[in-house]
Each structure stands twice: as structure tokens, then as C-alpha cells.
Number of protein chains: 2
Amino acid sequence: MTPNSERFLSDLHQLRTFGAAGVGKGVIRPAYSDADIAARAWLADRMRAAGLTVQQDPVGNLFGLAEGRSLLLGSHSDSQPEGGWLDGALGVIAALEIARTCRENGRPAVSVVSFQDEEGRFGVTTGSAVWSGQIDLSLADTLTDHDGVTFAEARAPLAAGAGDFVDPAQFTGFVEMHIEQGPALDVADEQIGVVTDIVGIRDMRLTFDGRQNHAGTTPMQLRRDAFQAVSAFNTAINGRFQHVVSPRTVWTIGHVALHPNASSIVPGRATFSMQWRDGDADRLARMEAIIRTTAQEVADTGGLGLSFGPLLGLEPVAMDAALRTALEAAAERVAPGRWRAMPSGALHDATNVARLLPVAMLFVPSIKGISHAFDEDTDEDDLVAGLSVLARAVTDLDQDRA
Amino acid sequence: MTPNSERFLSDLHQLRTFGAAGVGKGVIRPAYSDADIAARAWLADRMRAAGLTVQQDPVGNLFGLAEGRSLLLGSHSDSQPEGGWLDGALGVIAALEIARTCRENGRPAVSVVSFQDEEGRFGVTTGSAVWSGQIDLSLADTLTDHDGVTFAEARAPLAAGAGDFVDPAQFTGFVEMHIEQGPALDVADEQIGVVTDIVGIRDMRLTFDGRQNHAGTTPMQLRRDAFQAVSAFNTAINGRFQHVVSPRTVWTIGHVALHPNASSIVPGRATFSMQWRDGDADRLARMEAIIRTTAQEVADTGGLGLSFGPLLGLEPVAMDAALRTALEAAAERVAPGRWRAMPSGALHDATNVARLLPVAMLFVPSIKGISHAFDEDTDEDDLVAGLSVLARAVTDLDQDRA
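Everything numeric here is computed off the predicted structure, so don't read it as measured data.

Quick notes on the rules
Within any chain, residue numbers begin from 1 and follow the written order of that chain's sequence. All chains are assigned letters beginning with A, and all ligands numbers beginning with 1, in the order in which they are written. At least 70 in pLDDT is required for a residue's local features to be given in this predicted model, at least 80 for side-chain atom pairs to be given and counted, and no such filter applies to totals for whole chains, interfaces and linings, which use all residues. For side-chain calculations, the full set of non-hydrogen atoms in the structure is used, while hydrogens and water are omitted. For this document, the term salt bridge refers to a Lys or Arg side-chain nitrogen within 4 Å of an Asp or Glu carboxyl oxygen. Here a helix means four or more residues in a row that DSSP labels H or I, a strand means two or more in a row labelled E, and each is numbered from the N terminus. UniProt positions are given in the numbering used here, feature names are shortened, and annotations may be inferred rather than shown by experiment. When checking whether two residues touch, look at their non-hydrogen atoms; a contact exists if any pair is within 4.5 Å. All axes are obtained by fitting lines to C-alpha atoms, using only the stretch in contact for helices, and the reported angles, taken between N-to-C directions, cover 0 to 180 degrees. Working rule for angles: under 35 degrees goes down as roughly parallel, over 145 as roughly antiparallel, 65 to 115 as roughly perpendicular, anything else as oblique. In a left-handed crossing the near helix is turned counterclockwise from the far helix by less than a right angle, and in a right-handed crossing that turn is clockwise. Residues were grouped as follows: Ala, Val, Leu, Ile, Met, Phe, Trp, Tyr, Cys and Pro as nonpolar; Asp, Glu, Lys and Arg as charged; and all remaining residues, including Gly, as polar.

**Student:** Tell me about the pattern of salt bridges, and name the residues and values.
**Tutor:** Tallied over the full model, the rule gives 40 salt bridges over all chains. We note a salt bridge from Arg100 of chain A to Glu97 of chain A, for which the minimum N-O separation is 2.8 Å. Here Arg100 of chain A pairs with Glu97 of chain A, and both are found in helix H3 (residues 89-105), just 3 residues apart, close to one helical turn. The salt bridge involving Arg48 of chain B is made with Asp45 of chain B; its shortest N-O contact spans 2.9 Å. Of the two residues, Arg48 of chain B and Asp45 of chain B are both situated in helix H2 (residues 34-49); the distance of 3 residues between them amounts to about one turn of the helix.

Structure follows, in C-alpha cells:
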């Protein structure tokens, strides 16, 4: 079974005309915008033309359903406020191309989905979160965007054309193809990443309370400088984490707020974010213990107060072994020696869908690791390689079942 | 010659009724406010009552002049927007008490000054800066406060009562008594600090330019994290400074601004302040060299860009040896074993006056090192000890000359 790569690329370029930014290939197609609605109407037509039954659910998730039990492929077609042409769109159009190739070949049965608001105008991966039961619709309806519009208001215009929520029991699994959004494949000149797991996230705000003082008259040994505490904490955890982390673990201090934040005043208070991600929940917990212990040691040593904000967390999601094995075998045939197994450091709809179905993910490179920007791009050879891996894996899974 | 400590304390408490904050002994008496103008009118009356000739100059510096050549004592009577009762006021009222005691004893000749806007509503130590020629009056007139009022507008209402600038040639030297505004004397349970020098200040803004990236998908080894650069820089200079600094050197990173400053994004840019103070200009220069070298090393190691803002600086000012010796001898008699020679980490009017005259300074303790706050305070025993040191030094200097 060979998908039509020209038709695939043509549709992918067609999709980026909806909400075209006029800057490179960039798009402005946030969830429920006119451009997003128009793009979904076009997608629905393409699904029908491929012989699929179109069903849009009450929150705007758009399904193109095959008859009977089927594998579900897809991603999302909404974009960031300033987004690239491939983030989400790639997985949707690849799914469409595989589904119609399968229809043309008579089998296997493949359905297509474009989830709504993956980019989080309202929540985080809102459409798939509601479909999967990760959050209740009644709660989601109260979420607001930056302009104060509620999710309920945004989805109301869709009501006329909306059907029920799609029954997940008809699907055997979910595979999402996506750009990597990081630099690993591009740096290594590889074409394919087969995702092992979507990493878990921990995020916590810490505050050191020292003593605000005159930067001229306060001797160094009498200072309780909150910025010095942040720096000491950072240096210490960087060292201690080395005994715990894998090469794929990441951690970030991305937000720092000093008070009063003036050059002539010893900082009296520092609030900062600590975020860490890994595919292993045990490792996330060991890192949390190091963070709490180290912060307390720094506070005690320097005579500062310490407070921890609430720990926000999303659990790691392991990919389904059978789906992943099929993707790996296909990757080795399509791109021998030029693929890798790798975690996803970013969240995806697959995180939610894993509550309902076996899931797997496939990455293609992001040039220079850029995404969520107009200049997000991928070589077309790599896009087609990803499509080929998906087609082979779908065929192999069907043969295993047959 | 023995000053009248009760009269001294009484006047000091009287002065704090002008602009009383109603919180502890705190005052709200910024330069040119109604409270400040009223306080200066009262001070002028007190100067006249002490037999001094009052002369207010065009910017509001208020002098009480003795006849012929005299020593000048004083400080400032304006306050911070939320200030303490002693900052500046102490030096002015001590000068008044010494001057009238001298008049009562027939000698020596002592003049008094309360400089205007030491606290920098418009500039920095504005009144003494203009008098000393540190800045031109025409330039000072263009300075604005936070509400957009110009210095020219603020001083205009004084024009009717203003005389010329006072000729500094009539003064033999300037001695300023002041609260320490730091914790050194209070921590050591000492009563008197004799200032060796007013430290010089260097202040510079540095910027590391890294690469803004996704905190989930960007591996640690591929990051160019601007916050990590600030932390590495801070750790490195703290170590390297140990080979250069004295126990009295201070340095501060008081301002940090990350971009975009979000917990899920690797910081792409960090701008931060680096301020350092010391009494030795050579040491300040050696520290600057360490700062520049270390920042460049951190930038080169991490693949970041680096830029330095302009270096702002005020040179250290050494106190006059003869005046300082007289203060030290008097301190040892008044508070044997309970005084120290020490630098001033804060700026004072004496910095400017040093352009015109030999200067010296005397500190009394600040309880818990607190100043620029309503709860700024000093034991009255220590206030009186400072007055006694000043009186003895003035007498000794007169006898040396005689």
C-alpha cells in the first residue's frame, strides 16, 4: 500500500491557506476562529471525498469515520496565535491520506480526527481532554481565553452542525504523527522519531524570603539575599540531579521575580518557577525530593524563609508496545539507521486519548527545533518519510490481525 | 565645652513633628514639600536664636553662618517619602547644638547647614551637588521627580527669600554626623563610627542573549539558557572576588529580568544589574576586570551573546586626615573601646562637599541597621555620645589651631 505523497503535500499546503499569516508558511488559526472553522469545513469535505462519514462532536472535534472497527489516526488543525503550518496539521493530513489510500486499497479501516483547541486557547489540549473524560464538559465550559470569552460561548455556534460525542469503542488504537518541536532529530540528521512515552511534568513555584537591605551599607556576611539563595539552589540542584537524571530528563527555571528588583537594594524576596519533565514517574518523585531538600538547606544556611507553591503535575504516558513496535519496524525499513526511539517532551492529544485507547506517536524533524513560530518547517522528504512509516505500520498491524 | 544634651534631644524631637507620619517616629518630609519648607523656617529661627546669620541659597540649602572663618557642620533635613526621624536631621540638630554651645562659650566659630534634597527627589544629593559644582544649576533645573515636576519649578517658590550661594572660602572644613544606616555598629554593640572614606560605586547592566526554547523538547545539552548564565556568572564572581575584596567590600545583583519569564520556556535573554562598592578605586577596577572576564567566559562557554551597559561610577572620597584624627581621639575618650574606623557604604552630602573643603564624618548606630523606614531609630545614649564626640573634636581642632 503506497500513499500518494503528492496528494498529501498538496493538501498540506492547501490547509495552510486557511489563516495564512503572510509570513513564510506561517498560520494564524486559533481554535474557533473563522480560519479554523473554514479549515474544518474544508477538512470535512475532504473526509467525505475519501469515503469517510463526517461527525463533529459538541466541542468541535472533527471525525471522519470508517465503517466498523478501525484504527484512529490524526492530531489537531487549530494553531497557536502565531503558529507554523505543520504543528497538528501534519498529523491530520497524513491521517487523511492514509485513510483514503486504505479506502482505495479496500483495507484496512482507518478513521481520521482533528481535535479542537489542542493549542490551549481555553485550557490545555481542550478538545481531546473533554472527549477522553480528562475534564468534564461542564467544567470546560467555564474556561476563558485571554479576552474573557468562555469555552461555552466559543463552541455555541457549532451546535447546529454538531453530533454526539463519538463512541471510542469503535477504535482499536490511536496513532498521532507530529513534528518533533525540538532539535534532536534535526541535529542528528535523522528522519523519524518513534515516541516511547510522553513525559510527565512537575511544576512548582518556590519563594525565598530574605531581608531587603541597603546594597551599600549591609556587609556581605550579614545579608540574607534572596537572589543569592536562588543562585545557590540552582547550582546545587544542577549538581545533585546528575546522580538521578537520564540524558532525556529536562529541568528549567524559566520565571524569576525579585523584590524590589532594584540595583541598589539587596533582594528581600525571590519567587521562581521550577519545572521538570521525565518519562519515569519515580524519577520525577526523586527529583522533587532533591528540590525540596536542597531548597530547605539553602534557606537554613542563609537564614531565609522558604515556601513552596502547589505542585502541578501531569503523569507520564507510555506508548502502547504493539503500536510502537509496528512504528519502529516501519521506521527501520523506510529510514534505516536514521530513526530513533525517543520521548516526547511536549504534551499532545495522545496524552488524553491514552485514557481510552492504546496510543502511539511518530515524529519527523523540526528544522532547528523551531515550532510555535511562523518559521516552523520540515523538509518535504522528511514529511513523506513520516507518511511512509505510518502507511507501513498501519498495513503491518492489519496483517498481524488478519 | 559641654553641649546641652537635653536641648539637643528636645530640638531633634521637635523637628520630627514636621511631616510626622503618625507611625512610630517616622516622617514624611520630602524636599520642597510643605513639611520640609516649614521645618526649614523653624530651623532658620533656631539658627538666628543661636546668634547665627541665616542665608538660604537659590536651591534651598539653608546656612546658619558664624562670623569670619568657621568650621561647617551639618547634613540635611529633607527625608525619604517614607523616612526615619534621624536620617539627616541628626546631623543638622547636632550642628545647631554645637554651634550655639560654641557661641555660649565664645569660641570656636561654627556654622551650620541643612542641604536640600539629599534624598534625591530630583537627582542624587541635589542641593550639595549644585553648591559644590558637581552639577550645573542649569542642568539640575531640568531634573524631574516621579510626578514630572522639574527642579526649577520646585525651587521657584523659594526665590523671594533666597540669597546668593554661600562662598565656601569662609569654611575651614566640613564635618557631618549621621546614622550608620547599616548594622555594623549595632551588631558589635559599639557607639561611634569614624568614617575613613565614602565608598566609590560602580554599577553596570549586563545582558546574556541565549536561545528561547520549549522547556519540554529542548535537551539540556542543546540549551543556551540565559538564566543559567546569570547563575553561573554569580557563582564564579563570588569565588573570584574572594582573592580581591576586603571584609568591607560589597557587591549586589539586585535586579534580574528574564525574557520571556515563563515557567515552560527556556529563558532566551537575561538582563541584570551588577553593583559593587569599595573605598579603594584600584580594587573597584580589579573587580570590574573580574566581572568583564567572567561574564565573557560564561557567555563563550554557553554559546551566548553578552553585552555590557554603560559603567556608572562615583569615585571613593577619603576623609581628611586631620579632621578624622580629631574625631578618633574624641571617640576614644567618649566611648573607649566602643568605636571603630569604618567606611561609609552609603552616599552623603560630604561626598560633594569634599570638592570644596576637607571633610569628615561620624556615625552612630542604626538599630538593626534599619533606615529609610518609619522604624529607623537609635538609642538616645548613642545620639548623645555622638554629640559629645563632635563637641570634643571641634574643641580639639580649635586648640590645635590656637
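Here the narrative resumes, following the displayed structure.
**Student:** Go over the UniProt feature "binding site: Zn(2+) 2" (unreviewed entry) in chain A, please, and point to the residues and values.
**Tutor:** All names here are of chain A. Taken from the UniProt record, the annotation "binding site: Zn(2+) 2" (unreviewed entry) applies to Asp87, Glu119 and His372. With the annotated positions falling across 286 residues, the maximum pairwise C-alpha distance of 9.6 Å places them together in a single cluster. Among the structural elements, Asp87 can be located in the loop between strand E3 (70-76) and H3. For Asp87, the residues in contact, after removing those within four places along its chain, are His76, Asp78, Glu119, His178, Ile179, Gln181, His372 and Glu376. For Glu119, the position within the fold is in the loop between strand E4 (110-115) and helix H4 (126-131). Those residues within four positions of Glu119 in sequence are excluded, and the remaining contacts are His76, Asp78, Ser79, Gln80, Asp87 and His372.

**Student:** Before we move on, could you go through the packing of helix H3 (residues 89-105) of chain B against helix H12 (residues 380-401) of chain B and cite the residues and values that matter?
**Tutor:** To describe two helices that pack against each other, one gives the angle between their axes and the distance between the axes. Residues and elements named next belong to chain B. Where H3 contacts H12, the axes come no closer than 10 Å and their chain directions differ by 45 degrees. In terms of orientation, H3 lies oblique with respect to H12. By crossing handedness, the relation of H3 to H12 is classed as right-handed. Where H3 approaches H12, its residues Leu90, Ala94, Glu97, Ile98 and Cys102 are matched on the opposing element by Leu383, Leu387, Leu390, Ala391 and Val394. The class makeup of the residues in the contact of H3 with H12 is 9 nonpolar, no polar and 1 charged.

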